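These are the residues of each chain, in order.
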Amino acid sequence: MSEPLITKAKEILNGNYREPGFTLPSQGLYPFQWNWDSGLIAIGYANYDMERAQNEIRTLLDTQWKNGFIPHITFHRESNTYFPGPKFHQASLHPDATTRYKTTGMIQPPVIGFVLKELLDRAQDKKGALEFTRKVIDKVYENHLYLYNNRDLLGEGLIYIFHNWESGTDNSPIWDTIWETMDSPRYTFERRDTNQVDPSQRPSNREYDHYLALIDLAKKYRYNDSKIAEHSPFLVQDPLVNALLIKSNQSLIKLYQICGFGEDKIRQLEKWQALSIANYESKFYDEDLGAYLHYDLRNKRKIRMLTSSSFVALFAGIPGAKRTSEIAGILEQRFGGEGLYLCASFDPEGERFDPKRYWRGPLWINVNWMLYHGLKSYGINKLAEQIRSDSIEVVEQNGFYEYFDPRRSIAKEGKGGYGGSNFSWTAALYIDFILRES
Ligand code: DGY
């Protein structure tokens, strides 16, 4: 029954593929290469076209800066359908910025470490895949070294972000608590996203003012991390970003062992891992809410709201047995209540829950994919299977959208697909859910 949709998913990826070897997330809305999109898209390709999967990663790693930083967007070409473009970002102000590409000066969730492992696991030609891993693995390690050396302000093994776009969960209600502390100027600019997507599904103009103000602040300090850390009103330790770093550390350790080199790097990764996991547990876990929360480093407080990021620790194998069952319980009861597909991106019982708007409620296939694998690794199979079948169902009923209404009544009628259409990671991870897991 899924066969025609696999064909459709592959057509979407083909249609979004561009030279020199990357797949844009969605035509018009996101016309360049995005960092974590590329990683997740490569996992889909790895099921049927390993060369493309590897190219996607190679192209991304080629944009790496001298200091190990890997940018969130690489502007491989001009486009008038996206704002803010390279002229606004001016990442070349940083002395280590790549001179070969125009990029942004911010990070995205560090997925490439675990993606390399997923690629190797799916490879038919293990020898070839291992050769690829050997060639690129040090670049990913250098990226982790950059993150720990520049973004771990207190030496806790927990990295900070200075912009909501670094989190991947771009307009989560979490960030409202930061906007309330900021008095950003009102910018005059032309939104390009809302020419393509219903504005009720996108961030507001006022939110864009804050997004631009933070980029202007970074530019003022030439994207210097310690200056940004000193002055930015947005300085957050994010449970999704840090869980993915921990997951990627873990994969890098395994991959170096398989490759048979990098003993010193394994030792360093193990040190980071011990510190990061211990502090992730003690700093992010909230006994009352029963899950992991964001920490606002600037204002020294936990942000006491549940999001789908609160559960991604499962994917990184972080919680022990007791916490695991608490988290799985909250996930199942509060996010998977009657009438809801798993997993809403924001607490369905929260005041700011909005089932239509970007990261303020809709379900995302990428987070579902992580939750599925996390739950499986703990043997919580029934809930894992529910997440997988919910993911497949919303796509089959609504199409390959960027995000989906978690309300069954809406999504079941095929009216629940929002944001960009023909969305690459939705197609890629749908392929992975079907081909890898069946
Ligand atoms: C956007 O423009 O909304 C992007 O998601 C930023 O990464």
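Please read these numbers as outputs of a predicted model, since none were measured by experiment.

Visitor: Would you mind going over the site of the ligand in detail, with residue names and values included?
Guide: Around the ligand lies a shell formed by Y30, W34, H72, Y82, W165, D170, R202 and Y358. Contact distances for the ligand include 2.8 Å between an oxygen atom and a side-chain N or O atom of H72. Here D170 contributes a side-chain N or O atom positioned 2.5 Å from an oxygen atom of the ligand. Computed on the free molecule, the ligand has an accessible area of 230 Å², of which 96% lies beneath the protein chains in the complex.

Visitor: Lay out the sheet that holds strand β3 (residues 33–34) in plain terms, naming residues and giving numbers.
Guide: Across a sheet, paired strands are connected by hydrogen bonds in the backbone, their directions being either parallel or antiparallel. A sheet is described by the order of its strands in space; here three strands give the open sequence β3-β4-β5, paired in antiparallel fashion. Each of the sheet's edge strands pairs with one partner strand only, and the pair in question is β3 and β5 (102–103). Of the strand pairs in this sheet, β3 and strand β4 (residues 73–75) are connected by two bridges, and their pairing is antiparallel. Looking across to β4, one finds that Q33 is bridged to T74.

Visitor: Kindly report on the packing of helix α6 (residues 126–151) against helix α11 (residues 239–259), identifying the contributing residues and their values.
Guide: Interhelical geometry of α6 versus α11 gives an angle of 140° and a closest axis separation of 10 Å. In terms of axis orientation, α6 runs oblique to α11. Pair α6 / α11 crosses with left-handed handedness. Between α6 and α11, the contacting residues are L130, T133, R134, I137, D138, V140, Y141, H144, L147 and Y148 on the first element and L245, S248, N249, L252, L255, Y256, I258 and C259 on the second.

Visitor: Give a detailed account of unusual backbone geometry, specifying residues and quantitative values.
Guide: Each neighbour pair has its own omega, and for E19 with P20 the value is 10°, a cis peptide bond. Of note, the amide linkage connecting F83 to P84 takes the cis form, showing an omega dihedral of 5°. On the secondary structure map, P84 appears in the loop between β4 and α4 (86–89). One non-glycine residue, R222, adopts positive backbone phi at about 50°. If you trace the backbone, R222 turns up in the loop between α9 (205–220) and α10 (225–231). Positive phi values are uncommon outside glycine, yet Y223 reaches one of about 60°. Topologically, Y223 is positioned in the loop between α9 and α10.

Visitor: Give a detailed account of the side chain of H294, specifying residues and quantitative values.
Guide: With respect to the helices and strands, H294 occurs in strand β10 (residues 294–296). For H294, a relative accessible area of 1% puts it in the buried group. Within the local environment of H294, its side chain forms a polar contact with the side chain of D238, the two groups lying 3.3 Å apart. Look past the residues within four positions of H294 in its chain and what remains in contact with it is I174, W175, V236, Q237, D238, P239, R301, K302, I303, T307 and S309.

Visitor: For the packing of helix α5 (residues 112–122) against α11, give the residues involved together with the corresponding values.
Guide: Packed helices, taken two at a time, are described by their axes: the angle between them and the distance between them. Two numbers describe how α5 lies on α11: the axes approach to 6 Å, and their chain directions differ by 50°. Regarding the angle of α5 to α11, the classification is oblique. For the pair α5 and α11, the sense of crossing is left-handed. Contact with α5, carried on its side by I112, G113, F114, L116, K117 and L120, involves L244, K247, S248, S251, L252, K254, L255 and I258 of α11 and no other residues of that element. Looking at side-chain class alone, the contact of α5 with α11 contains eight nonpolar, three polar and three charged residues.

Visitor: Account for helix α13 (residues 321–335), with residues named and values stated.
Guide: Taking 1.5 Å per residue, 15 residues should reach 21 Å; α13 reaches 21 Å between its end C-alpha atoms and fits that length. When α13 is considered as a whole, its buried residues turn out to be T324, I327, A328, G329, L331 and F335.

Visitor: Describe the pattern of salt bridges, with residues and values.
Guide: With the rule as written, the count across this model stands at 33 salt bridges. When the shortest N-O distance is used, the salt bridge between E180 and R352 registers 3.5 Å. Here the residue E180 occupies a position in the loop between α8 (176–179) and α9, and R352 occupies one in the loop between α13 and α14 (365–377), the gap between them amounting to 172 residues. Since its relative accessible area comes to 57%, E180 is described here as exposed. Across the salt bridge formed by E207 and R360, the nearest N and O atoms sit 3.4 Å from each other. Placement of E207 in helix α9 and of R360 in the loop between α13 and α14 is noted, with a sequence separation of 153 residues between them. Across this residue pair, the class does not change: E207 and R360 are buried. Each of the salt bridges in this network shares a partner with another, and the network as a whole consists of D176, E180, E207, R352 and R360.

The rules behind each value
Residues numbered from 1 in each chain as written. Predicted model: local features only at pLDDT ≥ 70, side-chain atom pairs only at ≥ 80, totals over all residues. Heavy atoms only, no water. Near = heavy atom within 4 Å. Polar contact = N/O pair within 3.5 Å; in protein donor to acceptor, adjacent residues only side chain to side chain. Areas by Shrake-Rupley, 256 points an atom, 1.4 Å probe, with all protein chains shown as cover. Pairing = 2+ DSSP bridges. Helix = DSSP H or I, 4+ residues; strand = E, 2+ residues; numbered from the N terminus. Axes fitted to C-alpha atoms, helices over the stretch in contact; angles between N-to-C directions. Parallel < 35°, antiparallel > 145°, perpendicular 65-115°, else oblique. Left-handed = near helix turned anticlockwise from the far one by under 90°. Contact = heavy atoms within 4.5 Å. Buried < 20%, exposed > 50% of the residue type's maximum accessible area, 1.4 Å probe, protein only. Nonpolar A, V, L, I, M, F, W, Y, C, P; charged D, E, K, R; others polar. Expected span 1.5 Å × (residues − 1). Salt bridge = Lys/Arg side-chain N within 4 Å of Asp/Glu carboxyl O.

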